[in-house]
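# A look at the structure
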Amino acid sequence: MTKQWWKESVVYQIYPRSFNDSNGDGIGDLKGITEKLDYLNELGADVLWLSPVYDSPNDDNGYDIRNYKAIMDEFGTMEDWEELLAEIHNRGMRLIMDLVVNHSSDEHAWFAESRKSKDNPYRDYYIWRPGKEDGSEPNNWESAFSGSAWKYEEATDEYYLHLFSKKQPDLNWENPTLREEVYEMMRWWLDKGIDGFRMDVVNFISKVEGLPDGKPQEGKKYASGGEYFMNGPRIHEFLHEMNQKAMKGYDAMTVGEMPGVTPEIARKYTDEEREEVNMVFQFEHVDLDSGPGGKWDLRPLKLSDLKENLTKWQKALEEKGWNSLYMNNHDQPRMVSRFGNDKEYRVESAKMLATLLHMMKGTPFIFQGEELGMTNVQFDSIEEYEDIETLNMYKEKREEGVSHQDIMKSIYVKGRDNARTPVQWNDGLNAGFTTGTPWLKVNPNYTEINAEQAVNDPDSTFHYYKKLINLRHTNEIIVYGGYDLLAEKDDSVFAYERTLDGEKLLVVCNFYGEETSFEVPSHYAGKEGTLLISNYDNEAVRELPESIGLRPFEAAVYKV
Ligand code: NOJ
């Protein structure tokens, strides 16, 4: 296994709109991020990932890009961005940008041309098709944000494909000119000095020829169609070409966001010899609490499923390829509310989940506020929500006759705005996020949960994350060691070991709020374990007993 800086790094994701507002307009901005770099440096983050900061009409909060080479007015100017990059580099950190090239905004200059006429030189930058014989949509695919994935345009009597909102038309990767434009744009940013890209739904860019109808879903008007656009026929070719034409020659990292990716396919994407991407974001572990109806169809998580799934990924990419590790991002609910206990054991369970993830093999990603143990939010009225996915789903389900209360239940658990409430900096006005009116309401628990409190409290989740990051920086075994699951059948403890050059790490996590015990495997019998980290008071060195008692959500890591 080759040694690489991006294997040894911890990435911190910033959702700029909700991070820190420097000018009182209620929207986070670039200067606001620069103001907080010392905080991020203190935490120990190696790499910062910025969700999109490009010029955008914000139909999907910046994931609909109007101009790939300009900064969104609300976020500041290109000079602000250059200053941010310089200040990140001054502190020895790196910056990766979001690359959103499965689609652009419908307000992008390319689309403005494309929609004009069938023979416009930009027509083929997007995916246009005539309707079926009866005039209906070209196929039955559903948009990720509800309704058909096609929008009809009268001017040319054709439909365009949009796997996300109507304002996010899909780019046509079959067109080599479009591909060259994208690579040129990537090099333009790399030449400005960035350290890599996070690539938005990048495994959607190759669609199956003919765009066939997807398998009908029971009781639903549209089909997902995913089998025809996820990990499509030319995807490896496109990613390799992108690697060669855009990334080659730069010391930069890439992480591809890839819904529907399996460990077998991920091994191909991340096999270093194939030169495609460094790592992928997979979704299997964050789909374990969804039923057949999709993300809004709530199911309790079974610990056995999580163990089985994460272990499968750890083993599949052990020799070839590389894993990313995450439980949170701007699309997912807050992990402590989802998998832990955000009331009585908020701090303990947030630390346990962080331990579980950060001791695994792969590059960990922390989402802003996760280090503070920020929680999900519950607004009473749908008017208080901002996310297009949530709002479209609400409207659709109300039309189908589902009650307000039932829909809100799903939104409270899974809605994307859970992650997007402003970062809670202190217990003052608007949690210190803005002096104006925040674009999305602050979670009312900011008086207790905030960065000022956490930085001043040595037992806080903040200091725990700092320690976890530092352990990764100082223990090769955490980065490069092998992984093996322990106590597979135990239904309350998630335990595993890491192994490198005769050394072992024993990681033991009580996943629930009841006391339990862990039967220590016989190969540890009588051995001395040095405690690396724990969310409870534990002896610094102990002879490992046959059985370790565990308090609610207790986590402990021993070096043996
Ligand atoms: C994935 C992004 O993470 C999400 O926020 C966005 O809505 C879609 N891709 C579309 O760009």
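None of these values were measured; they are calculated from a predicted model.

### Brief notes about the packing of aromatic side chains
Between two aromatic rings, the relevant description is the distance of the centres plus the angle of the planes. By the definition in use, this model includes 31 aromatic pairs. Ring geometry for Y345 versus F553: centroids 5.7 Å apart, planes at 55°, classification tilted. Taken as a pair, Y345 in the loop between α9 (335-338) and α10 (346-358) and F553 in the loop between β22 (547-550) and β23 (555-559) lie far apart in primary sequence, 208 residues in all. Comparing Y345 with F553, the two get one shared label, buried. Three or more aromatic residues joined by ring pairs make a cluster, and in this case those are Y12, F19, Y39, W425 and F462. The ring centre of W425 lies 4.1 Å from the NZ or CZ of K36, which sits over that ring. Against the face of W5 rests R94, its NZ or CZ located 3.8 Å from the ring centre.

### A word on unusual backbone geometry
Notably, N58 is not glycine yet its phi reads approximately 60°, a positive angle. Looking at the secondary structure, you find N58 in the loop between β3 (54-55) and β4 (67-71). At A431, a residue that is not glycine, the phi angle is positive and equals roughly 60°. The topology assignment puts A431 in the loop between α13 (417-420) and α14 (451-456). Overall, the relative accessible area of 0% leaves A431 in the buried class.

### Notes on the packing of helix α7 (residues 263-270) against helix α8 (residues 303-316)
Across the interface, α7 lies against α8 with an axial gap of 10 Å and an inter-helix angle of 35°. The element α7 and its partner α8 pack so that their crossing is right-handed. Here P263, A266 and R267 of α7 lie close against α8, whose contacting residues are K312, W313 and A316.

### Focus on helix α6 (residues 235-247)
Among the residues of α6, those classed as buried are I235, H236, F238, L239, E241, M242, N243, A246 and M247. Contacts made by the buried residues of α6 are with β5 (94-99), α5 (176-191), β9 (196-199), β10 (253-257) and α7. Where α6 terminates, the next one or two residues include G249, which has phi positive at roughly 95°.

### Thoughts on the UniProt feature "domain: Glycosyl hydrolase family 13 catalytic" (unreviewed entry) in the chain
Sites flagged by UniProt as "domain: Glycosyl hydrolase family 13 catalytic" (unreviewed entry) map to residues 13-420. Each end of residues 13-420 is marked by a C-alpha atom, and these two atoms are 12 Å apart; helix forms 31% of the span and strand 13%.

### As for helix α11 (residues 388-399)
Along its 12 residues, α11 runs 17 Å from first to last C-alpha, staying within 8% of the 16 Å computed at 1.5 Å per residue. Taken together, the buried residues of α11 touch β13 (294-298) and α12 (404-414). Looking at where α11 begins, the residue whose side-chain oxygen comes 3.2 Å from the main-chain nitrogen of E389 is D387. Of the residues trailing α11, G401 is marked for its positive phi of about 95°.

### Here's the deal with the site of the ligand
The full set close to the ligand counts 14 residues, and D60, H103, D200, H330 and D331 are the nearest of them. Taking D331, its side chain carries an N or O atom lying 2.5 Å from an oxygen atom of the ligand. Coverage of the ligand by the protein amounts to 97% of the 300 Å² it exposes when considered alone.

What counts and what doesn't
- Residues numbered from 1 in each chain as written.
- Predicted model: local features only at pLDDT ≥ 70, side-chain atom pairs only at ≥ 80, totals over all residues.
- Heavy atoms only, no water.
- Phe/Tyr/Trp six-rings, centres within 6.5 Å; stacked < 30°, edge-to-face > 60°.
- Helix = DSSP H or I, 4+ residues; strand = E, 2+ residues; numbered from the N terminus.
- Buried < 20%, exposed > 50% of the residue type's maximum accessible area, 1.4 Å probe, protein only.
- Lys NZ or Arg CZ within 6 Å of the ring centre and 35° of its normal.
- Axes fitted to C-alpha atoms, helices over the stretch in contact; angles between N-to-C directions.
- Left-handed = near helix turned anticlockwise from the far one by under 90°.
- Contact = heavy atoms within 4.5 Å.
- UniProt positions renumbered as here; feature names shortened; annotations may be inferred.
- Expected span 1.5 Å × (residues − 1).
- Polar contact = N/O pair within 3.5 Å; in protein donor to acceptor, adjacent residues only side chain to side chain.
- Near = heavy atom within 4 Å.
- Areas by Shrake-Rupley, 256 points an atom, 1.4 Å probe, with all protein chains shown as cover.

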